[in-house]
Amino acid sequence: RSLPPLVFHWIPWFGSAAAYGQDPVEFFKSCREKYGNVFCFVLLGRKVVVTLGPKGNDFVFGGKHTVIAAEEVYSPLTTPVFGKDVVYDCPNEVLMEQKKFVKVSLTTDKFRDYVGMVEDEVTQFMNSDLAFRIFQLNDINEWGAFGSYKTLAEMTILTAARTLQGREIRENMDKGFADLYHDLDHGLTPLHWMFENLPLPSYRKRDVAQEKMSQFYQNILRNRRAGDGDYEDDVMASLMRQTYRDGRPVPDHEIAHMMIALLMAGQHTSSSSTAWVLLHLADRPDIAEQVYQEQVEHFGIPGGGFREMAYEDMRKLPILDAVIRETLRVHAPIHSIMRYVRSDVPIPASLGAPSEDSVYVVPKGYTVLASPSLSQMDPLMWKDANTWDPTRWLDAAGMAAQAKREYDDDTKVDFGFGLVSKGTESPYLPFGAGRHRCIGEQFAMVQISSIVATMLRKIELRLEGPFPKSDYSSMMVVPKEPSLIAYRRRNF
Ligand code: HEM
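So, here's what we can say about the structure. Here the structure is a predicted model, which is why all the values come from computation and not from measurement.

**Brief notes about the packing of helix H7 (residues 148–165) against helix H12 (residues 252–283)**
The interhelical angle for the contact between H7 and H12, taken along N-to-C directions, is 140°, at an axis separation of 8 Å. When the interaxial angle is binned, H7 and H12 end up oblique. As H7 runs across H12, the sense of the crossing is right-handed. A per-class count over the contact of H7 with H12 returns 11 nonpolar, 10 polar and no charged.

**Quick word on the packing of aromatic side chains**
Applying the stated criterion across every chain, the model contains 21 aromatic pairs. Ring geometry for Tyr 20 versus Phe 28: centroids 5.8 Å apart, planes at 45°, classification tilted. Looking at Tyr 20, the relative accessible area reads 7%, which means it is buried. Accessibility expressed as a relative area gives 0% for Phe 28, which makes it buried. One aromatic cluster is present, built from ring pairs that chain together Tyr 20, Phe 27, Phe 28 and Phe 41. Over the face of the ring belonging to Trp 193 we find Arg 46, whose NZ or CZ atom lies 4.4 Å from the ring centre. We note Arg 490 situated over the ring of Tyr 292; from NZ or CZ to the ring centre the distance is 3.5 Å.

**Brief notes about the packing of H12 against helix H19 (residues 441–458)**
The angle between the axes and the distance between the axes are what describe a pair of packed helices. Contact geometry of H12 with H19 gives a least axis separation of 10 Å together with a crossing angle of 40°. The two elements H12 and H19 meet at a crossing, and its hand is right-handed. Here H12 contributes Ser 270, Ser 273, Thr 274, Val 277, Leu 278 and Leu 281 to the contact with H19, which in turn contributes Ala 444, Gln 447, Ile 448, Ile 451, Val 452, Met 455 and Leu 456. Considering only residue class, the contact of H12 with H19 consists of 9 nonpolar, 4 polar and no charged.

Conventions adopted
Residues numbered from 1 in each chain as written. Predicted model: local features only at pLDDT ≥ 70, side-chain atom pairs only at ≥ 80, totals over all residues. Heavy atoms only, no water. Axes fitted to C-alpha atoms, helices over the stretch in contact; angles between N-to-C directions. Helix = DSSP H or I, 4+ residues; strand = E, 2+ residues; numbered from the N terminus. Parallel < 35°, antiparallel > 145°, perpendicular 65-115°, else oblique. Left-handed = near helix turned anticlockwise from the far one by under 90°. Nonpolar A, V, L, I, M, F, W, Y, C, P; charged D, E, K, R; others polar. Phe/Tyr/Trp six-rings, centres within 6.5 Å; stacked < 30°, edge-to-face > 60°. Buried < 20%, exposed > 50% of the residue type's maximum accessible area, 1.4 Å probe, protein only. Lys NZ or Arg CZ within 6 Å of the ring centre and 35° of its normal. Contact = heavy atoms within 4.5 Å.

Pasting the structure below:
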């Protein structure tokens, strides 16, 4: 039994914070060269054991939640933003019930409605003068430019508000709700994660916004209950009907906080993914053209124009699907998945061991970290790992199976390299795995594909300047600003 090798650092408490913060994936790569798949680094006083590769993913995602827990790591960041008694501010069993409650409302029936709603919102947005006056250009041959990440952030929150969040939230988007959102969002940074409370304006604004937003949702709940039942059957309505296993109804403040959690969980993940998709399509007009032709084939009206998208059709668009999956491979929005270690835990010898007859042990109080970002770009597992190439999801039969499979932990997937992955032990996990797996995947796929398809139907894209690098300074991997895309209105 011994400790995993410690990454060398000069300054004791600070540790490797600078290298990790600047580019975590490069940092992990260079550590792997020196230390192998298991190593420990110091991050502002925390001791973090990194376990790389599919087996490392399995160790963290598949670990027993009573030993390897998310709450202690994430709660200081998320509880002040989401609010009390939900997600990581409650026992894990309660979170599991809360996730089930939300899942009840993420049905195929709902997705059918959402496709049209997203298309509608995107079209409205593009016709408004909000987004760099897209479409206000009279001459179809004229090129304009828009900041992809900023524009997609707007479209993502509007489409999420219209679909998941419900009519009341969408109607209030332009009336102060967006400002509350921004104040809350500015409380989700590495600084706020490291220090839960500091006497700084961003913390005060975060706390005020949390309280106001929580009240805002709770007011909607009160009005709905007091009214004549004339409200949409949305996520909130579904949460109002749920009860915990012990018979307890879900209190209003918990519903409010779950709605805030959903808003925040789906915002940067989806908006950065969609921005990356568009950036890659702008960089590869040949592939953008294939995506466009796929739209023409499925939805084109003879003589020009398109009919409305339908959910069933959206699921049969292999090129768009491959483009999104490949983008999530190369730009997984969440680069580090962390858990807190509640009691000493041995690392399986197959992952790394000091010698044949001993194992590494992660002591209680340490953090463990898996990075699907790294395994998703690992040259040991992927051909031309660093190249964005959607055809890899179309070529190999195994890849197609991966793209099409409904994720559940018992599915075995052949990645086409003779590698069979199962559940948590997979190199491709943009939505995580195990107990904490994302419940928003299908919604995100509906949202991203509807936004991209709607935009591509209307505009052509070209990259403006060099391809943006990744910005790791927030909690997510987003394109470095200005992430500009040149566009031109299509001729129809
Ligand atoms: C969990 C990724 C969109 C809600 C996760 C996790 C990942 C992830 C990696 C696991 C975190 C962990 O194990 O620590 C993504 C990506 C998205 C996306 C890449 C879009 C491209 C969404 C959306 C929603 C959402 C749209 C809401 C509708 C959640 C929730 C969890 C989760 C509730 C569970 C947290 C837990 O159990 O600890 N997501 N997500 N996500 N995500 Fe997503």
